[in-house]
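# Structural description and commentary
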Amino acid sequence: MGACIVAMIIGGFIFGTIVGNLAELSKRANAGELMRQKAVSRVQIAFTSGVAKGAMTPDLIRRIKAYYNFQNERNATIDLKAFVQGLSTELRDEMAERIHWIDGVTNGRESFGLLHKVPFLTGLSNAACITICAGMKVRHLVPRRGDVEMIMEEGADCEEMFFVVMGSRSVVLERDGTKLGTLSTGDFFGELGALLPPEMKLLRRRTRTAYAIADVQIGILSYDDLLSLRREFFEVNEKVVTYTNQVLKHLRGTETPTKAGAALSMLDRASLCSLH
């Protein structure tokens with residue numbers, strides 16, 4: 001009986017050691033999960049220590065955790081842009097189609113890419129669409145329950161445009177306090193900030209307000225980002241210049257001729273510079 005008791009104790013110890021080692025090996029094999037667990041641990045420590053201890057509301061804790069989970073999922077593994085561009089053309093296009101970066105067919109039905117609704121970015125080659133989507137900065141907005149989170153404000157200076165990467169009826173557009181509508185996945189707004197050069201500060205000033213009313217992923221493309229894409233892809237430059245000149249010609253009908261003419265001339269110079 002004594003020998004059996006000792007054997008059972010030793011066996012339990014050995015079994016626990018084996019299970020612990022296997023669990024540790026599993027964590028090391030999944031680097032993304034290990035980083036996620038570390039991030040969650042840091043968040044929990046922040047909530048239960050120091051000046052934050054007992055000061056956080058349940059809603060604020062939920063929003064912070066959602067933000068960190070998104071950041072970890074997006075940044076914990078590899079450089080997605082380099083990874084996708086390193087694939088063969090066939091594999092790259094199939095992957096991009098599955099994650100809705102380009103148009104394609106999913107489960108026998110036609111599907112559209114993220115840039116499908118953007119008039120100056122639609123109809124591009126797969127390589128250009130993938131480069132734009134993979135290099136786009138993405139923010140995860142988590143508004144308070146019953147509240148909103150501001151994205152852009154009417155009258156503010158700007159240098160970027162926005163895309164709704166994921167979120168159904170999650171962004172509201174307003175002008176002069178009047179609601180213009182709600183936006184969902186694939187919609188875009190604030191494009192003049194990315195289309196016009198810094199010299200056109202007055203023309204690219206925000207004419208609308210946009211804010212999130214629900215959890216949403218927002219893609220951001222700045223003027224410098226778009227300028228880099230125009231240098232890399234001639235097709236992007238051609239579409240952007242054509243569309244922007246059309247917008248400025250429309251503005252010429254509402255602004256003074258001298259101001260609009262100067263804007264058109266400035267855009268032409270910026271377009272030529274972008275090709276050198």
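I will try to describe carefully the structure that is included in this document. Here the structure is a predicted model, which means the values were calculated and not measured. (Residues numbered from 1 in each chain as written. Predicted model: local features only at pLDDT ≥ 70, side-chain atom pairs only at ≥ 80, totals over all residues. Heavy atoms only, no water.)

Turning to the overall build of the protein, a few remarks are in order. Scanning the protein from N- to C-terminus turns up 10 helices and 10 strands. A buried classification covers 38% of the 276 residues belonging to the protein. Contacts in the protein between residues far apart in sequence, at least 24 positions, make up 67% of those at least 6 positions apart. Total accessible area computed for the protein in this model is approximately 16200 Å², and 57% of it derives from carbon and sulfur atoms. (Helix = DSSP H or I, 4+ residues; strand = E, 2+ residues; numbered from the N terminus. Buried < 20%, exposed > 50% of the residue type's maximum accessible area, 1.4 Å probe, protein only. Contact = heavy atoms within 4.5 Å. Areas by Shrake-Rupley, 256 points an atom, 1.4 Å probe, with all protein chains shown as cover.)

Residues of helix H8 (residues 223-232) that are buried include every one of Tyr-223, Leu-226, Leu-227, Leu-229 and Arg-230, and no others. Around the axis of H8, the buried residues are gathered within 160° of arc, so they sit on the same side. (Arc of directions from axis to C-beta.)

Attention now moves to the sheet that holds strand E3 (residues 137-141). Within the open sheet, the four strands sit side by side as E3-E10-E5-E8. Their pairing is antiparallel. For this open sheet the edge positions go to E3 and strand E8 (188-189), each flanked by a neighbour on one side alone. Contacts between H8 and the sheet are confined to E3 and strand E10 (216-222), with E10 contributing the most and set at about 65° to the helix. (Pairing = 2+ DSSP bridges. Axes fitted to C-alpha atoms, helices over the stretch in contact; angles between N-to-C directions.)

To continue, consider the side chain of Ser-170. Structurally, Ser-170 can be placed in the loop between strand E5 (160-166) and strand E6 (171-175). By relative accessible area, which is 1% here, Ser-170 ends up buried. Beyond its immediate stretch of four places on either side in the chain, Ser-170 contacts Val-164, Leu-183, Tyr-211, Ala-212, Ile-213, Ala-214, Asp-215 and Val-216.

Quick look at the environment of Ala-96 now. Residue position: Ala-96 is located in helix H5 (residues 89-98). C-alpha separation for the pair Ala-96 and Cys-129, spaced 33 residues apart in sequence, amounts to 9.1 Å. If sequence neighbours within four positions are ignored, Ala-96 has contacts with Trp-101, Ile-102 and Ile-130.

Our next topic: the packing of H5 against helix H6 (residues 126-135). Axis separation between H5 and H6 bottoms out at 11 Å; the angle between their running directions is 55°. The angle between H5 and H6 falls in the class oblique. The two elements H5 and H6 cross, and the hand of that crossing is left-handed. Of H6, the residues touching H5 (which contributes Arg-92, Asp-93 and Ala-96) are Asn-126, Ala-127 and Ile-130. For the contact of H5 with H6, the per-class residue count stands at three nonpolar, one polar and two charged. (Parallel < 35°, antiparallel > 145°, perpendicular 65-115°, else oblique. Left-handed = near helix turned anticlockwise from the far one by under 90°. Nonpolar A, V, L, I, M, F, W, Y, C, P; charged D, E, K, R; others polar.)

Treat this as a map of the structure, not an account of what it does.
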